[in-house]
Amino acid sequence: MPVFDQQETRKPPVSQIGAVVWLKTNLFSSWINSILTFASLYLLYIMIPPLLNWMIFDASFSFGTVNFFGFEIKFSEEMATNDNCGRVGACWPYIYEKLYMYTYGFYPRTETWRPNTVFVLTGLLFVIIPLVKNYKYKNRVTLSLIIFYPLISYVLIAGGFGILAPVPTDQWGGLLLTLIIASVGIIVSFPIGVLLALGRQSNLRIIKLFSTLFIEFIRAVPLITILFMASFVLPLFLESGNYFDKLLRALIGIALFQAAYFAEVVRGGLQAIPRGQYEAADAIGLSYFQKNVLIILPQALKISIPNIVGSSISLFKDTTLVLIIGLFDMLAMVNLTSNDPYWLGREPEGFVFVTMVMWAILYTMSRYSRKLELRFNTENKN
Amino acid sequence: MKKLILESLGKSQHRGLNFRDMLYNNEARAFFFQVVTFVLVIGLFYTAIGNLFHNIEERGINTGFTFLKNRAGFDILPFLGNYVVDYTPESSNFSVFYVGLINTLIVAFVGIILSTLIGLFIGIARLSSNYLVAKLAGAYIELFRNIPILLQILFWYNLFINLFPHPKQSFAFFDIMFLNQRGLYLPRPIPEEGFSVVALSLIVGIIAAYFVKKHFKKKHDLTGVYTSTWPFSVGLILGLPVLVFLALGSPLQFDIAVLGKFNLRGGMNVVPEFLALTFALSVYTATYIAEAIRSGIEAVDKGQKEAAAAIGLTPTQSLKLVILPQALRVAIPPTINQYLNLTKNSSLATAIGYPELMSAFGGTVLNQVGQAVEILAMAMLVYLVISLFISILLNYVNKKMAIQGR
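Bear in mind the structure is a predicted one, so any value in this text is a computation, not a measurement. (Residues numbered from 1 in each chain as written. Chains lettered and ligands numbered in written order. Predicted model: local features only at pLDDT ≥ 70, side-chain atom pairs only at ≥ 80, totals over all residues. Heavy atoms only, no water.)

1. Details of the overall build of chain A
Link 1 in the chain: Secondary structure summary: chain A contains 13 helices and two strands in total.
Link 2 in the chain: Radius of gyration (C-alpha) of chain A: 28 Å, far over the 21 Å computed for a compact globule of 382 residues.
Link 3 in the chain: Summed over its atoms, the accessible surface of chain A is roughly 22,500 Å², and 66% of this surface lies on carbon and sulfur atoms.
Link 4 in the chain: Between the mean site of the 29 positive side-chain charges and the mean site of the 23 negative ones, chain A shows a separation of 12 Å. (Helix = DSSP H or I, 4+ residues; strand = E, 2+ residues; numbered from the N terminus. Rg over C-alpha atoms; globule rule 2.2 N^0.38 Å. Areas by Shrake-Rupley, 256 points an atom, 1.4 Å probe, with all protein chains shown as cover. Lys, Arg positive; Asp, Glu negative; His and termini not counted. Charge placed at Lys NZ, Arg CZ, Asp CG, Glu CD.)

2. Here's the deal with the interface of chain B and chain A
Link 1 in the chain: In this assembly, 48 residues from chain B lie in contact with 55 residues from chain A.
Link 2 in the chain: Carbon and sulfur atoms supply 72% of the area buried between chain B and chain A, which totals about 4,700 Å² over both sides.
Link 3 in the chain: Summed over the shared surface of chain B and chain A, the result is two salt bridges.
Link 4 in the chain: Of the charged contacts in the structure, one is a salt bridge between Glu142(B) and Arg367(A), with a shortest N-O distance of 4.0 Å.
Link 5 in the chain: At the level of secondary structure, the elements contributing two or more residues to the side of chain B that touches chain A comprise helix H3 (26-59), helix H6 (131-145), helix H7 (149-163), helix H10 (272-299), helix H13 (357-369) and helix H14 (372-401) of chain B.
Link 6 in the chain: The biggest single contributor to the side of chain B that touches chain A is H3(B), with 13 residues. (Contact = heavy atoms within 4.5 Å. Buried area = accessible area lost by both parts, 1.4 Å probe. Salt bridge = Lys/Arg side-chain N within 4 Å of Asp/Glu carboxyl O.)

3. Remarks on the packing of helix H5 (residues 93-126) of chain B against H10(B)
Two packed helices can be described by the angle between their axes and the distance between those axes.
Residues and elements named next belong to chain B.
Link 1 in the chain: At a closest axis distance of 6 Å, the pairing of H5 and H10 adopts a crossing angle of 40°. Accordingly, the angle class assigned to the pair H5 and H10 is oblique. Viewed along their axes, H5 and H10 form a crossing whose handedness is right-handed.
Link 2 in the chain: By residue class, the composition of the contact of H5 with H10 is 16 nonpolar, eight polar and three charged. (Axes fitted to C-alpha atoms, helices over the stretch in contact; angles between N-to-C directions. Parallel < 35°, antiparallel > 145°, perpendicular 65-115°, else oblique. Left-handed = near helix turned anticlockwise from the far one by under 90°. Nonpolar A, V, L, I, M, F, W, Y, C, P; charged D, E, K, R; others polar.)

4. Details of the pattern of salt bridges
Link 1 in the chain: All told, the structure shown has 17 salt bridges over all chains when counted by the stated rule.
Link 2 in the chain: Measuring nitrogen to oxygen at the nearest pair gives 3.8 Å for the salt bridge that ties Glu97(A) to Lys98(A).
Link 3 in the chain: Here Glu97(A) falls in the partly exposed class, since its relative accessible area comes to 37%.
Link 4 in the chain: In this structure Lys98(A) comes out as buried when scored by relative accessible area, which is 8%.
Link 5 in the chain: For Glu111(A), the salt bridge goes to Arg114(A), with nearest N and O atoms at 2.8 Å.
Link 6 in the chain: For Glu111(A), a relative accessible area of 18% corresponds to the buried category.
Link 7 in the chain: Connected through shared salt-bridge partners, Arg126(B), Arg145(B), Glu291(B), Arg294(B) and Glu298(B) make up one network. (Buried < 20%, exposed > 50% of the residue type's maximum accessible area, 1.4 Å probe, protein only.)

Here it is in structure tokens:
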């Protein structure tokens, strides 16, 4: 009786694995591909090293002594000035000195803890909401957060209550203002958007007509015209005719603008709900209000979540436009700080810094939206 | 029996007007809600407009469109709009509107072409089998898509005016084109007598090429004999005008910029504001177009290509007749939407002072005249018309491309 020895598993052939094979199949599979690879490498060569040199190797990091949460970190004897900062590389001490302006604008330096508390609260919000996901009263918790979080944030930032000294809105600026405009824009415009979407899908002719007109009009014109409208014309529509707070005017414009876009996103969700759901809701005798709140909207909003996030990303990008009507968001701070006579000719550093911050925020949001899209995409893939 | 059924349905039998019936009647309710909305909206408008007139009168702002005839009295950055309208500060406010409109349209036109080219290139590169090329294209999309467009416009504008050399040290391309801080200097074409004949021959060539193509397509349908038509097309569209051009003794001169004492003189100056704006808009919009094209190509099932090969189509035929028509059906509608977005985003030129509609007319004239309502209404109307035009185009394309059911 023949006996078979258990042989060791053979290694895969060298011609099919390994770095060389990977290079060959992915980069040098044909002569055209080889040319493309070398062209790309050349492109990287002419772009990346100069950029790194400017940003890191030739750049100045002489921040002086930095107080980082109570730890003293010593970068250099004293902070660089514009003259000894060098012109070959970036001058990051400039950014360090103007960091306050980029973050808070003209917010009083003694009151920084207030926006900071709001930042921490916002961070906590993102921790709390996933935590209470399985809690019995999660709806109540979420609802109270939706009501109290903006209220507390407003009280803290604007002040004027008790010991909190009032801070007028023209002192708000920088990243703080960008975040305020984006979050207020999203929170205020969303309910309006849902109502407009329902209006556009309604059987009632006149309501449908008005909703459609509003949505199509807003979507056809650029945001700038809306902001100019809100800034110059809106006060004239009111009885007093006074020019009220500039930020509030901008917020009204942005909220109306964004509502039209949210409306279209939600309408997409509404149209994706099978007719049977509407008919079933009618059949069990639900009213219009009950039908939408209990049956249709929960489903429609759920499938439009990825697009809602996508639309919010656009809104975040659009907040930079407020600099045109004279609000000092983070981008406006670049122009403003570059006028400092002690730091002349430092626009590139400002632009690169703001670009990095904006990009980091937007990239995180877009990754998140992609993740949601994958999670909600229950369609079968082949 | 009838009475019994009606009672079981909860309906009262008598037909007269009953308040309770009205309250629970769907049509009555619908009517009521619509009337309420109508009254509210119209009331809101009525009060708003009333307040508007009241406030305007109180402030002594003029109304009406007579300001359009008044002297503008300010200089506009010289660009295409100025040349077309022949603008001077003595011109009317309406010519400012016209200048702005032309400048908007030229940005949109150049931007659309550039962004399509970049987008096409990046979208195809994204699907390349070459790892490095695909990753680079992906990095391009992720980088430029996630930076606000206004930031990009300001960034490039700043970079252009800071990095480009002084006019004395311009970058020269074959001594025909020059690039410096004040922009790009191109040769200015000066058409001479007889050039209109060349332009006419181009149009004739295009029409003739269309009929040639139609003729051979008919032949192909009838007899199955396929004739390649592109040599005819090239000959008619390119060759005919060139022949006419040469026969008439080159009726076109170029005015090339010459370096003067401090600046370049002559030529056609493309201002840096235009360069920065168009570049930023094209680079930004191209990321969206690239994604549209990628999803279009990915949407075509692999089986389609295999089926085309199985019935004996050549790779070119398969691409032209099977793959592209299906890929374009998915890719073109979002691309056209991006064209609209590009046109709308061109209004951000306000931030760098390129004299397009919202900057020259909606900005400078608004500040001088103060008639915000009329001026903004005119500007919005232009964008409404552009967007209406693009949605008509979109509908046409969608109809043309719809899968034809039989």
